[in-house]
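Remarks on the overall topology
These are the residues of each chain, in order.
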Amino acid sequence: MTTKKRRVGSWSMATVVAYLVTIVVISLVAWVGDWEAIGRNFFNLKVARVMLPEVLTVAARNTIFYTIASFFFGFILALVLALMRLSTFLPARGLALGYIELFRGLPALVTLILFVYAIPIAFDFRLGFPGNAIAGLSVVAGAYMAETIRGGIEAVPRGQMEAARSLGMSRWRTMFTIILPQAFRIMIPPLTNEIVLLIKDTSLFYIAGSTPMTRELVKFARDFLQGQRNATPITVIAIVYLIITLPLTYLVRRLEARMARGR
């Protein structure tokens, strides 16, 4: 009982200190900040209105499309890699492990440059934007999601596989009809979190070049920032990103809490 009270008290003190520090920082910024210049450069309603409705109908729509496409292809790749990692065939396990470690170790920007510029130049093979950028991001997403899928499969009790095999079911049939459906329930929160990360990673697509109708949020804001000589476009897309990602992060927390209660 005493330990529990101490933990609660310690947590409360830390929370109070965090709030106090935040209040002090905000107060200092409010005191020394030139609010007229800040408002003119970061919250200019005239500039924001010029961005509408294209920031939503073009930039936000493209960002969501690129995220879904990258997640879809990345998930298929991740499923194959996860099954290879769990395979009893040693070369397949080694190949999957090498792939995962390579693309988890490289910055996503380096991988995108590889797919957008290096591979097309080396092999004279071009998918064009956004195909090459989506391919690069899918490769990165596949490496990360492979470990998530593998962890979900391994979290299913081994007795499930043994019971199905004892009934005469093949290993692959057991995996796809019994193990994976149970594993997906476990994987939903981390996979949802991966979608949030992919939404943010599409901001790297600005390096690939795009047409006015294929711009994602960051490229859209950069073009407006250069044209208007004003930082308001960054504020606008930051708000749009939050509108997209905050509901998803809230969903992840709810799913994790629900699964914790279930356990």
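Structural notes, computed from the coordinates. Sequence order sets the numbering: in each chain, residues are counted from 1 along the sequence as written. Only residues with pLDDT of at least 70 are given local features in this predicted model, and only at 80 or more are side-chain atom pairs given and counted; all residues enter the totals for whole chains, interfaces and linings. Side-chain measures here rest on the full set of heavy atoms in the structure, leaving out hydrogens and waters.

1. Overview of the nonpolar core
Quick note on the threshold: Note on terminology: a nonpolar core comprises buried Ala, Val, Leu, Ile, Met, Phe, Trp, Tyr and Cys residues joined through side-chain atoms within 4.5 Å. Partly exposed residues are those whose accessible area sits between 20% and 50% of the maximum for their type, while under 20% is buried and over 50% is exposed, using a 1.4 Å probe and protein chains only. Counting from the N terminus, the helices are the DSSP runs of H or I reaching at least four residues and the strands are the DSSP runs of E reaching at least two. Contact criterion: two residues are considered in contact whenever any of their non-hydrogen atoms come within 4.5 Å of each other.
Formed by 40 residues in total, the largest nonpolar core has its most connected members in Tyr99, Leu112, Met145, Ile149, Ile153, Met175 and Phe205. When residues of this core are traced back to their parent elements, those giving at least two are helix H4 (54–85), helix H5 (90–105), helix H6 (108–123), helix H7 (131–155) and helix H9 (171–201). Per-element tally for this core: the top contributor is H7, with eleven residues. Ignoring sequence-local partners within four residues, the contact set of Ile149 consists of Phe75, Ala78, Leu79, Ala82 and Met187.

2. Digging into the environment of Ala60
Residue position: Ala60 is located in helix H4. Overall, the relative accessible area of 7% leaves Ala60 in the buried class. Sequence separation between Ala60 and Ile244 is 184 residues, and the spatial gap between their C-alpha atoms is 8.9 Å. Non-local contacts of Ala60, meaning those with residues more than four positions away in its chain, are made with Val55, Leu217 and Val240.

3. With respect to the pattern of salt bridges
Put simply, the rule is: Counted as salt bridges are all cases of a side-chain nitrogen of Lys or Arg within 4 Å of a carboxyl oxygen of Asp or Glu.
The final tally for this structure, using the stated rule, is five salt bridges. Two residues, Arg215 and Asp223, come together in a salt bridge whose shortest N-O distance is 3.0 Å. Note on Asp223: relative accessible area 26%, which makes it partly exposed. When salt bridges with common partners are traced through the structure, they connect Arg85, Glu147, Arg150 and Glu154 into a single cluster.

4. Some details on the packing of H7 against H9
Basically, it comes down to this: The convention used is that axes are lines fitted to C-alpha atoms, helices contributing only their stretch in contact, and that angles between N-to-C directions extend from 0 to 180 degrees. Throughout this description, any angle smaller than 35 degrees is read as roughly parallel, any larger than 145 degrees as roughly antiparallel, any in the 65 to 115 degree range as roughly perpendicular, and the remainder as oblique. The crossing is said to be left-handed when, going from far helix to near helix, the turn is anticlockwise and less than a right angle, and right-handed when the turn is clockwise. Lys, Arg, Asp and Glu make up the charged group, whereas Ala, Val, Leu, Ile, Met, Phe, Trp, Tyr, Cys and Pro make up the nonpolar group; the residues left over, Gly among them, are polar.
Two numbers describe how H7 lies on H9: the axes approach to 8 Å, and their chain directions differ by 140 degrees. If you check the angle between H7 and H9, you find them oblique. Viewed along their axes, H7 and H9 form a crossing whose handedness is right-handed. In this structure, H7 uses Leu137, Ala141, Tyr144, Met145, Thr148, Ile149, Gly152, Ile153 and Ala155 to contact H9, whose residues at the interface are Met175, Ile179, Leu180, Ala183, Ile186, Met187, Pro190, Leu191, Glu194, Leu198 and Asp201. Partitioning the contact of H7 with H9 into residue classes produces 16 nonpolar, two polar and two charged.

By themselves these figures say nothing about function.
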